Amino acid sequence: MKNLSRLFCIAIVGCLCLMLVSAKPNPRRIAKPGKDLPAQQLLVVLTDNWSTLQGKLYCFQKHQGKWVLKFSNAIVVGSKGLGVGDGIIPFTIAGAPVKKEGDMKAPAGIFTIGTAFGYADKKDAAWLKTPYVKASDTLICVDDAASSNYNKLVQTDTAK
């Protein structure tokens, strides 16, 4: 069976977010950056501060051992900015807000992300080293912590 890559995310100083694609992630143990996360792709999100809604995404891909910018794009994070979340590499930053469920902040940290989704056709997202689903008006991500589908992508026309 083919190993599926995973996306990881790290945010540093509330203004920097990195996603790393790893060949063999093990979310059950603490990862060591540079050793356990042999990234081939890297996403960096920059915002002005912890409470900023808008930012910029930079996507890099490793080519012959060097990071090459593939694209950049304007993005939005949580409507109330970022907060340090519980990731696979724990860290704290003095004075930084801490992510809490329902606080309208995007989590900052290193996380397994899973399936990517967007409005691009699947063929246009083939360069991603993670599974991809084309978004539609019936695709939602469940944010109800009490739901068995919490934090999952589901189709509203087929989900119960």
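Source: prediction; values computed, not measured.

Another point: the overall build of the protein. Looking only at helices and strands, the protein features zero helices and eleven strands. The N-to-C order of helical and strand elements in the protein reads β-β-β-β-β-β-β-β-β-β-β. A burial count over the protein gives 34% of its 160 residues as buried. For the protein, the share of sequence-separated contacts (at least 6 apart) that also reach a separation of at least 24 residues comes to 40%. Total accessible area on the protein stands at roughly 10,400 Å², and carbon and sulfur atoms take up 56% of it.

What follows is about the packing of aromatic side chains. Throughout the structure, instances matching the rule amount to one aromatic pair. Considering the side-chain rings of Phe71 and Trp127, the 5.6 Å spacing of their centres and the 80° angle between planes classify their relative orientation as edge-to-face. Of this pair, Phe71 sits in strand 5 (residues 66-76) while Trp127 sits in the loop between strand 8 (116-118) and strand 9 (132-134); the two residues are 56 residues apart in sequence, bridging distant segments of the chain. Classification of Trp127 by relative accessible area gives partly exposed; the value is 24%.

To continue, consider the pairing of strand 5. Bridge count for strand 4 (residues 54-63) against strand 5 is ten bridges, and the pairing is antiparallel. Each residue of the ladder has a partner; that of Cys59, found in strand 5, is Phe71. Hairpin connection from strand 4 to strand 5: two residues lie between these consecutive antiparallel strands, with Gln64 at a positive phi of about 50°.

Cut-off values and rules
- Residues numbered from 1 in each chain as written.
- Predicted model: local features only at pLDDT ≥ 70, side-chain atom pairs only at ≥ 80, totals over all residues.
- Heavy atoms only, no water.
- Helix = DSSP H or I, 4+ residues; strand = E, 2+ residues; numbered from the N terminus.
- Buried < 20%, exposed > 50% of the residue type's maximum accessible area, 1.4 Å probe, protein only.
- Contact = heavy atoms within 4.5 Å.
- Areas by Shrake-Rupley, 256 points an atom, 1.4 Å probe, with all protein chains shown as cover.
- Phe/Tyr/Trp six-rings, centres within 6.5 Å; stacked < 30°, edge-to-face > 60°.
- Pairing = 2+ DSSP bridges.

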